[in-house]
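Structural overview
As a plain string of letters, each chain reads:
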Amino acid sequence: MKTRNFKIAGSILSADLLNLEKDVQQALDEGVDIIHFDVMDYHYVPNMTFGPVFLQAMRKKFKDAIFDVHLMVSPCSENIVDDYIKAGANWISFHPEACVHTERMLSHIQDSGVKAGLALNPSTPPQMLRYLWDKLDFVLVMTVNPGFGGQKTIPATLTKVYDVKAMAKADGKDILIEVDGGVKASNIREIALSGADVFVVGSAFFGAADKKEALKSLHDALEA
Ligand code: DX5
Ligand code: ZN
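Nothing here was measured: the structure is a model prediction, and the numbers come from that model.

Rules and cut-offs
Residues numbered from 1 in each chain as written. Chains lettered and ligands numbered in written order. Predicted model: local features only at pLDDT ≥ 70, side-chain atom pairs only at ≥ 80, totals over all residues. Heavy atoms only, no water. Donors = N, O, S within 2.8 Å, 3.2 Å for Na, K, Ca; no water. Tetrahedral: all angles 85-135°; square planar, octahedral: opposite > 155°, others 65-115°. Helix = DSSP H or I, 4+ residues; strand = E, 2+ residues; numbered from the N terminus. Salt bridge = Lys/Arg side-chain N within 4 Å of Asp/Glu carboxyl O. Contact = heavy atoms within 4.5 Å. Polar contact = N/O pair within 3.5 Å; in protein donor to acceptor, adjacent residues only side chain to side chain.

Some points on the coordination of the zinc ion (ligand 2)
In an ideal octahedron of six donors the angles at the metal are 90 or 180 degrees, and in an ideal tetrahedron of four donors they are 109.5 degrees. Every protein donor of the zinc ion (ligand 2) is listed here as His-36 (NE2), Asp-38 (OD), His-70 (ND1) and Asp-180 (OD), and their distances to the metal cover 2.1 to 2.3 Å. One way to put it: the six donor atoms around the zinc ion (ligand 2) meet at angles of 69 to 170°, and that makes the site octahedral. Binding-site remark: the zinc ion (ligand 2) is held by donors from one chain whose sequence spacing is H-x1-D-x31-H-x109-D. Taken together, the residues Asp-38 in strand S2 (residues 34-40) and Asp-180 in strand S7 (residues 176-180) connect sequence positions 142 residues apart.

Put into structure tokens, the structure is as follows:
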């Protein structure tokens, strides 16, 4: 399947936080395309992670990296989004349940020169995407319920990946689909065949004893 331009986004949620600089440097050196930055607020999801100062420090160190900020926060306000834009985000996704004016927020992100994405939980129907294509740079299909790394992909979510791809095609749009949750070498090919382009990988990369080998197995499975 070499025809599509697949990308791997390493989620630092599973990195060694006391050696984060080393882990991220290694990820970039090995060829991880994007660094996925999971923001959790103990409210939208039952967990807490990183804030904008943390992203700013990472941006200072990794000037050319692509930082993909996944906001699992509620309410998702323009102030919060702006903090991550200022801190150096390249991509920002948020969950529609956490935002009253979804279209306005997507426009705001795009107008700031950042790629805008909508993150859909396993039970969130994708129909709203039809009215938002022009404001969307990517769709983040959650393949687990958000909040924790190391969970198993929920099989029904692959149907959603397929449905989003088909809906976009029917509307003449070529949307980038990112998947997040439980992606590993044993299922990445099946997920790619469902229509995904960008694969968030947390535990299956940062949690692996041999990261080089882990990334190779993901690429091998995609290219098989
Ligand atoms: C879950 C996060 C994911 C998580 C993925 O809420 O959005 O990005 O880090 O981790 P794995 O790949 O271990 O499922
Ligand atoms: Zn995520």
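Having put the structure on the table, let's press on.
Thoughts on the pattern of salt bridges
Counted under the stated rule, the structure contains eight salt bridges. In this structure, the salt-bridge partner of Lys-61 is Glu-21, at a minimum N-O distance of 3.1 Å. One end of the pair, Lys-61, is in helix H2 (residues 52-61); the other, Glu-21, is in helix H1 (residues 20-30), with 40 residues separating them in the sequence. Glu-30 serves as the salt-bridge partner of Lys-212, at 3.8 Å between the closest nitrogen and oxygen. Taken together, the residues Lys-212 in helix H8 (residues 211-223) and Glu-30 in helix H1 connect sequence positions 182 residues apart.

Considerations on the environment of His-108
Assignment of secondary structure puts His-108 in helix H4 (residues 102-111). A C-alpha to C-alpha distance of 19 Å links His-108 and Val-39, two positions 69 residues apart in sequence. Once residues within four sequence positions are removed from consideration, His-108 is found in contact with Glu-78, Val-81 and Asp-82. For His-108, the side chain forms a polar contact with the side chain of Asp-82, separated by 2.6 Å.

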